[in-house]
Amino acid sequence: SASEIVLDNEFVGLVRIRRETIKPPEPAEVEPDVVEIKSPWSGSFDLSIAGKRGNTQEQNVFTELKARRETERTIDTYRTTYERNLQETGSGKSKTTNTTDRRVTGEARREWFLKESKWRPFIQGSFDDDKFKAYKRRYRIAAGVAYPWIENDEERFIGRVGLAGVKDQSGDDTDWGPEALLGLEYFLNIDEAQSISASTDLYPGLQDGDGYQRTSALEDN
């Protein structure tokens, strides 16, 4: 009936149960799935200021900005640095200030993932503006392929090979010169607060008497 349920059993007879005493089972608590949203961007910014006082005073400033963006199709990396060293001698009216080092560098690279291959084509460009070098400014454009021997969230070991064009600018404009590109990059994430990275790029000249150029970096972040 609306108020009770009656069970007729041959051993115990009639059993009457009031409906108000029957409660449906409570649904089990289900923890919601935690969705971790991972930003495609990562990077770091460093600022260092150092100096000393005495007969000669020095002031050193160094800044570096690095950024990396990885999507399902591409990897973009950016790096720029600024470094300046000042030296002051004398005092009062005889005080002189000299810039002993002033350099600005920048580099950008894009790599494309291929669906059925671990090889990745890339293109990159860089500039080096150094007041105290013979070339004053150096521009470089390169393209080639990269191959990751190791690549996961904790460790990367990547090799690159390609061709490049370089232009050194001093007083008069100069032509672009051809180069080869051989590069290695290693990154190890030790924990959430520390990582190490090392890279080296070798640019052998493709014309007689060009020699080679090399850029290397070792960082503990």
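For the structure, check the block above.
Residues numbered from 1 in each chain as written. Predicted model: local features only at pLDDT ≥ 70, side-chain atom pairs only at ≥ 80, totals over all residues. Heavy atoms only, no water.

Peer 1: Teacher, can you tell me more about a nonpolar patch on the surface here?
Peer 2: A surface patch of nonpolar side chains, amounting to about 570 Å² of accessible area, comprises W112, I123, F127, Y139, I141 and W176. Take W112: its relative accessible area is 36%, and that puts it in the partly exposed class. (Patch = residues over 30% accessible without salt bridge, like charges linked within 9 Å, V, L, I, M, F, W, Y side chains within 5 Å. Areas by Shrake-Rupley, 256 points an atom, 1.4 Å probe, with all protein chains shown as cover. Salt bridge = Lys/Arg side-chain N within 4 Å of Asp/Glu carboxyl O. Buried < 20%, exposed > 50% of the residue type's maximum accessible area, 1.4 Å probe, protein only.)

Peer 1: Which parts of the structure should I look at to understand the pattern of salt bridges?
Peer 2: A pair can form between side chains of opposite charge whenever their charged atoms are brought close. In this structure the tally under the stated criterion is 19 salt bridges. With a shortest N-O distance of 3.6 Å, R109 and E107 are connected by a salt bridge. Judged by its relative accessible area of 9%, R109 is buried. For E107, a relative accessible area of 29% translates into the label partly exposed.

Peer 1: Which parts of the structure should I look at to understand the nonpolar core?
Peer 2: Proteins that are soluble and globular tend to have nonpolar side chains buried together. Counting residues in each nonpolar core, the largest one holds 7 residues, listed as F122, A142, A146, I158, A164, L181 and Y203. Looking at this core, the elements with two or more residues in it are β8 (137–151) and β9 (155–169). When neighbours within four sequence positions are excluded, A146 is seen to be in contact with E111, K118, W119, R120, F122, I158, G159 and R160. (Core = buried A, V, L, I, M, F, W, Y, C linked by side-chain atoms within 4.5 Å. Helix = DSSP H or I, 4+ residues; strand = E, 2+ residues; numbered from the N terminus. Contact = heavy atoms within 4.5 Å.)

Peer 1: Sorry, what's going on with the packing of aromatic side chains here?
Peer 2: The relation between two aromatic rings is expressed through the spacing of the ring centres and the mutual angle of the planes. The full count for this structure, using the stated rule, is 5 aromatic pairs. For the ring pair W41 and Y78, a centre distance of 6.4 Å and an interplane angle of 20 degrees mean the geometry is stacked. Here W41, found in strand β3 (residues 41–52), pairs with Y78, found in strand β5 (residues 74–89); they are 37 residues apart in sequence, far enough to count as distant. Three or more aromatic residues joined by ring pairs form one cluster here, namely W119, Y147, W149, F157 and Y186. Lying over the aromatic face of Y203, R140 brings its terminal NZ or CZ to 3.9 Å of the ring centre. Sitting over the ring of F187, R156 keeps its end group 4.4 Å from the ring centre. (Phe/Tyr/Trp six-rings, centres within 6.5 Å; stacked < 30°, edge-to-face > 60°. Lys NZ or Arg CZ within 6 Å of the ring centre and 35° of its normal.)

Peer 1: Even after reading the chapter, I still don't get the sheet that holds strand β11 (residues 194–204), so can you show me in this structure?
Peer 2: Backbone hydrogen bonds hold the strands of a sheet together, and the pairing may be parallel or antiparallel. Across the sheet, which stays open at both edges, the 10 strands sit in the order β3-β4-β5-β6-β7-β8-β9-β10-β11-β12 with antiparallel pairing between neighbours. If you trace the sheet from one side to the other, it starts and ends with β3 and β12 (212–220), each paired once. The sheet shows a mean angle of 15 degrees between the axes of neighbouring strands, taken without regard to direction. The sheet contact formed by β3 and strand β4 (residues 56–70) spans 12 bridges and is antiparallel. Within β4, the residue paired with S48 across the bridge is F62. (Pairing = 2+ DSSP bridges. Axes fitted to C-alpha atoms, helices over the stretch in contact; angles between N-to-C directions.)

Peer 1: Whenever I open this one, the side chain of R160 confuses me. Can you help?
Peer 2: With respect to the helices and strands, R160 occurs in strand β9. A residue is classified by how much of its surface remains accessible, and R160, at 7% relative accessible area, is buried. Within the structure, the side chain of R160 is placed 2.5 Å from the side chain of E111, a separation counted as a polar contact. At a separation of 3.0 Å, a polar atom in the side chain of R160 contacts the side chain of E185. Discounting chain neighbours no more than four positions away, the residues touching R160 are R109, E111, F122, V145, A146, L181, L182, G183 and E185. (Polar contact = N/O pair within 3.5 Å; in protein donor to acceptor, adjacent residues only side chain to side chain.)

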